[in-house]
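# Summary of structural features
Chain by chain, the residues run as shown.
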Amino acid sequence: MTALGFLAANWLNRHYLWGDAGRWLELIDDNGGFSWPFTMFSGGSSQVELDLKLGLMAVVLVLFVLGWRTRIIAPILLVLWASLIESQPIYGDQSDNIFRIMLFYMCFADLSGRWSLDARRRAKQAAGEWHSPFRLPIWPELRENVTKVATLLHNLALLAVATQVCIIYVASAMYKIQGDLWQDGTGIYYPLQIGMYAPWPALSDLLTSNALGVMLATYFSVFIQLFFPLMLLRRTTRVLALLGVTAMHAGIGVFMGLPFFSLFIMAADAVFIRDTTYEGFQRWLRMKRDERKRHVIPDSSQETESGPVNDAHVASDATGDEAREVVGAASGTNSRPNDD
């Protein structure tokens with residue numbers, strides 16, 4: 001989703017960034033040292049050609065988000081993304097590198113195990129409701145071994161992502177504590193004085209005008225990154241670590257105007273959230289959905305049984321009693337049963 005937002009944010013300037021209008025960068029354009037197949041956007045493209053390429057990339061991103069054939073889509077997306085970023089020598093930043101590294105690891109993971117079109121397809125196959133027309137005959141032993149290898153690669157990919165995130169945080173903290181500005185608690189003050197990192201001057205001034213706030217934010221960003229791997233060892237501290245880095249990146253995205261950098265990192269941080277948390281969130285959403293349906297759509301059958309139908313029975317009983325009283329009075333007897 002973040003990559004789709006990146007394309008949408010740069011759509012109006014696409015021809016100046018990756019099209020023929022960006023030929024003024026040819027003197028420094030070496031495609032980042034990448035060769036084929038990462039050359040799809042290299043050298044510029046005409047307007048129609050570029051629109052078709054970016055449209056293809058948007059379709060691939062949508063399929064990737066929906067979880068359709070991710071084993072195939074993920075490598076294709078990696079090639080397209082690296083080609084797009086490396087063809088523009090002055091536009092890429094660390095967020096693009098992070099996304100590319102994580103996407104490379106994810107090529108070996110099962111990204112569509114749940115909440116995806118692939119998961120729905122597998123469930124239908126297991127229930128016998130759908131059969132793939134392209135299903136190849138494979139020996140059961142070979143299929144079992146392939147499944148084991150795929151599971152091993154999936155676990156290694158998640159471990160690689162977790163390790164990469166920890167390395168990023170610890171390395172960032174170690175570089176910061178070597179600087180005098182971060183040691184005396186003024187590290188975040190000076191970046192917010194640069195125009196390109198202060199999209200909301202009034203908001204930046206609100207933070208930098210408070211010396212205590214600057215000091216707390218500076219030390220907080222250092223310590224939460226430095227001790228992030230250790231805080232993952234226990235559940236309570238892991239929750240605090242994830243909330244802390246999420247708050248830090250939310251501040252970077254808002255105060256410094258780096259939303260895509262923050263969102264890419266926050267997406268990588270999600271690897272530390274347990275499956276039970278996602279399952280609990282899913283149950284909560286279903287409960288809210290069912291409650292909303294019960295309020296919007298009344299139960300007509302229950303209303304029929306307890307409402308008009310019961311009233312009709314009462315009315316018919318009353319009419320019958322009155323009729324029996326009339327007949328009894330005419331015959332000189334009481335048609336009602338004796339209460340005694």
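Here the structure is a predicted model, which means the values were calculated and not measured.

How each quantity is defined
Residues numbered from 1 in each chain as written. Predicted model: local features only at pLDDT ≥ 70, side-chain atom pairs only at ≥ 80, totals over all residues. Heavy atoms only, no water. Helix = DSSP H or I, 4+ residues; strand = E, 2+ residues; numbered from the N terminus. Buried < 20%, exposed > 50% of the residue type's maximum accessible area, 1.4 Å probe, protein only. Contact = heavy atoms within 4.5 Å. Areas by Shrake-Rupley, 256 points an atom, 1.4 Å probe, with all protein chains shown as cover. Phe/Tyr/Trp six-rings, centres within 6.5 Å; stacked < 30°, edge-to-face > 60°. Lys NZ or Arg CZ within 6 Å of the ring centre and 35° of its normal. Axes fitted to C-alpha atoms, helices over the stretch in contact; angles between N-to-C directions. Parallel < 35°, antiparallel > 145°, perpendicular 65-115°, else oblique. Left-handed = near helix turned anticlockwise from the far one by under 90°. Nonpolar A, V, L, I, M, F, W, Y, C, P; charged D, E, K, R; others polar. pLDDT = per-residue confidence, 0-100. Polar contact = N/O pair within 3.5 Å; in protein donor to acceptor, adjacent residues only side chain to side chain. Arc of directions from axis to C-beta. Core = buried A, V, L, I, M, F, W, Y, C linked by side-chain atoms within 4.5 Å. Patch = residues over 30% accessible without salt bridge, like charges linked within 9 Å, V, L, I, M, F, W, Y side chains within 5 Å. Salt bridge = Lys/Arg side-chain N within 4 Å of Asp/Glu carboxyl O.

A separate point is the overall build of the protein. Broken down by element type, the protein carries 16 helices and zero strands. Looking at the 340 residues of the protein, the share that counts as buried comes to 28%. Within the protein, contacts between residues at least 6 apart in sequence are counted, and of these 69% link residues at least 24 apart. Accessible surface computed for the protein: about 21,900 Å², of which carbon and sulfur atoms make up 65%.

To describe a pair of aromatic rings, you give the distance between the ring centres and the angle between the ring planes. Scanning the model with the defined rule gives 15 aromatic pairs in all. By way of ring pairs, the aromatic residues F6, W18, W81, F99, F260 and F264 are connected into one cluster. Its end group placed over the ring of W11, R14 keeps NZ or CZ at 4.0 Å from the ring centre. Against the face of F41 rests K53, its NZ or CZ located 5.8 Å from the ring centre.

Looking now at the packing of helix α5 (residues 94–106) against helix α7 (residues 140–177). The geometry of a pair of packed helices is captured by two quantities: the angle between their axes and the separation between those axes. Running from N to C, α5 and α7 cross one another at 160°; their axes reach a closest spacing of 8 Å. Classified by the angle their axes make, α5 and α7 are roughly antiparallel. Considering how the two elements wind past one another, α5 and α7 form a crossing that is right-handed. Residue-level inspection shows I98, I101, M102, Y105 and M106 of α5 in contact with α7, the latter providing A157, L158, A160, V161, Q164, V165 and I168. Its residues assigned to classes, the contact of α5 with α7 comprises 11 nonpolar, one polar and no charged.

The next point concerns the confidence of the model for the protein. Summarising the model, the protein shows a mean pLDDT of 82, and 86% of its residues fall at 70 or more. Throughout residues 301–340 the model reports pLDDT below 50, and contacts reaching past four residues in sequence, or to other chains, amount to nine contacts.

Below, the discussion takes up the environment of H249. Within the secondary structure layout, H249 lies in helix α12 (residues 235–255). For the pair H249 and I265, spaced 16 residues apart in sequence, the C-alpha separation works out to 7.8 Å. The residues touching H249, leaving out its near neighbours within four places in the chain, are Y169, F261, S262, I265, M266 and D269. Among the polar contacts made by the side chain of H249, one reaches the side chain of Y169 at a distance of 2.9 Å.

So, about the side chain of H15. One can find H15 in helix α2 (residues 14–18). Exposure remark for H15: the relative accessible area of 16% places this residue in the buried category. Once residues lying within four places of it in the same chain are set aside, the contact partners of H15 are D20, A21, G22, Q47, L50 and D51.

Those residues of helix α13 (residues 259–269) lying buried are S262, F264, I265, A268 and D269. With its buried residues spanning 165° around the axis, α13 presents them on a single face.

Note that soluble globular proteins tend to have their nonpolar side chains buried in a common cluster. The biggest cluster of nonpolar side chains holds 24 residues, and the ones touching the most others in it are M102, V165, Y169, F228 and F272. Every element with two or more residues in this core is listed here: α5, α7, α11 (228–231), α12 and α13. Sort the elements by how many residues they give to this core and α7 lands first, with six residues. If sequence neighbours within four positions are ignored, V165 has contacts with M102, F228, A268, D269 and F272. Judged by nonpolar contacts, the second largest core, of 23 residues, contains F6, W18, I85 and C107.

Together, F104, F108, V149, L152, L153, L156 and L159 make up a nonpolar patch on the protein surface, roughly 640 Å² of accessible area in all. In terms of residues, the nonpolar patch owes the most to one element, α7, which gives five residues. Inspection of the secondary structure assignment puts L152 in helix α7.

Leaving glycine out, the prevailing phi sign among residues is negative, and the prevailing peptide bond configuration is trans. Along the chain, W36 connects to P37 via a cis peptide bond; the corresponding omega equals 10°. Of note in this structure, R69 is not a glycine but carries a positive phi near 50°. Tracing the sequence through the fold places R69 in the loop between α3 (47–66) and α4 (70–86). Note on R69: relative accessible area 30%, which makes it partly exposed. With phi around 50°, W115 is a residue other than glycine that occupies positive phi space. By secondary structure assignment, the location of W115 is in the loop between α5 and α6 (117–126).

Bringing the pattern of salt bridges into the picture now. For the structure shown, the criterion picks out eight salt bridges. We note a salt bridge from R122 to D110, for which the minimum N-O separation is 3.4 Å. Linking R122 in helix α6 with D110 in the loop between α5 and α6, this pair joins segments that are 12 residues apart in sequence. By relative accessible area, which is 24% here, D110 ends up partly exposed.

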